[in-house]
Amino acid sequence: MGRKKEELSIFEQMGGTYTEKDGILYPNIRIGEEETEAIQDTFSGKYGDLWKKYLKENQSDRYYHLIRLG
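The residue count restarts for each chain, going from 1 along the sequence in the order it is written. Owing to the predicted nature of the model, reporting of local features is limited to residues with pLDDT of at least 70; listing and counting of side-chain atom pairs is limited to 80 or more, with chain, interface and lining totals taken over all residues. The side-chain quantities take in all heavy atoms of the structure and omit both hydrogens and water.

1. Observations regarding the confidence of the model for the protein
When pLDDT drops low, the exact placement of atoms in the prediction is not to be read closely.
Okay, step 1: Put simply, the protein has an average pLDDT of 76, and 71% of its residues get 70 or more.
Okay, step 2: Each residue carries a pLDDT value, the predictor's own confidence for that position, ranging from 0 to 100. Helix and strand definitions follow DSSP, with helices as H or I runs of at least four residues and strands as E runs of at least two, each counted in order from the N terminus. Of all secondary-structure elements in the protein, the lowest mean pLDDT belongs to helix 2 (residues 33-40), at 52, while helix 3 (residues 45-58) reaches the highest, 87.

What follows is the structure, encoded as structure tokens:
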């Protein structure tokens, strides 16, 4: 974007980008591979791993919501 620094949002100043759709700007936010790997590497035991696998395969929305919450 060719705007002055004063006109940039805080999200843009931090390196974030937007996608325009129907005249509305949506922030490009995603969970990075490094972050999800770091969460998966934490010790949760056998049943915790089975639960995470079940959530990821069967309830992916809930799984990613829980990842975002930390």
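That shown, we press on.
2. A closer look at the pairing of strand 1 (residues 18-21)
Okay, step 1: Two strands form a pair only when DSSP identifies at least two bridges running between them. Where strand 1 and strand 2 (residues 24-27) come together, 4 bridges link them in antiparallel fashion. For Glu20, the partnering residue across the bridge sits in strand 2 and is Leu25.
Okay, step 2: Linking two consecutive strands that pair antiparallel, namely strand 1 and strand 2, is a turn of 2 residues; a positive phi of about 55° is found at Asp22 within it.

3. Things to note about the packing of aromatic side chains
Okay, step 1: Any two of the Phe, Tyr and Trp rings considered here, Trp counted by its six-membered ring, make a pair once their centres fall within 6.5 Å; the pair's planes then place it as stacked at under 30 degrees, edge-to-face at over 60, or tilted in between. Tallied over the full model, the rule gives 1 aromatic pair.
Okay, step 2: A ring pair is formed by Tyr63 and Tyr64, whose centres lie 5.1 Å apart and whose planes are at 80°; its orientation type is edge-to-face.

4. Observations concerning a nonpolar patch on the surface
Okay, step 1: Patch membership needs two things, relative accessible area over 30% and no salt bridge, and members are linked within 9 Å if like-charged or within 5 Å if nonpolar (Val, Leu, Ile, Met, Phe, Trp, Tyr). Reported accessibility uses the Shrake-Rupley method at a 1.4 Å probe radius. Residues are deemed covered only where the shown protein chains occlude them. Between Lys or Arg on one side and Asp or Glu on the other, a salt bridge is scored when a side-chain nitrogen of the former is within 4 Å of a carboxyl oxygen of the latter. There is a patch of nonpolar side chains on the surface, built from Trp51, Leu66 and Leu69 and spanning about 320 Å² of accessible area.
Okay, step 2: With respect to the helices and strands, the residue Leu66 is situated in helix 4 (residues 60-69).
Okay, step 3: Relative accessibility decides the category of a residue: with a 1.4 Å probe and only protein chains considered, values under 20% of the type maximum give buried, values over 50% give exposed, and everything between is partly exposed. The class for Leu66 is partly exposed, based on a relative accessible area of 33%.

5. Some thoughts on unusual backbone geometry
Okay, step 1: In this model, Asp22 sits at a positive phi of 55°, which is unusual for a non-glycine residue.
Okay, step 2: On the basis of relative accessibility, which here comes to 74%, the residue Asp22 falls in the exposed class.

6. Considerations on helix 3
Okay, step 1: Residue count minus one, scaled by 1.5 Å, sets the expected span of a helix. Under the 1.5 Å per step criterion, the end-to-end length of helix 3 is 20 Å for 14 residues, consistent within 8% with the ideal 20 Å.
Okay, step 2: Taken residue by residue, helix 3 has Gly48, Lys52 and Leu55 as its buried positions. Looking down the long axis of helix 3, one finds its buried residues gathered within 65° of arc, a one-sided arrangement. Helix 3 presents Lys46, Tyr47, Lys53, Glu57 and Asn58 as exposed residues on the side facing more than 90 degrees away from its buried surface. Throughout, the arc means that of the directions going from the helix axis to the C-beta atoms.

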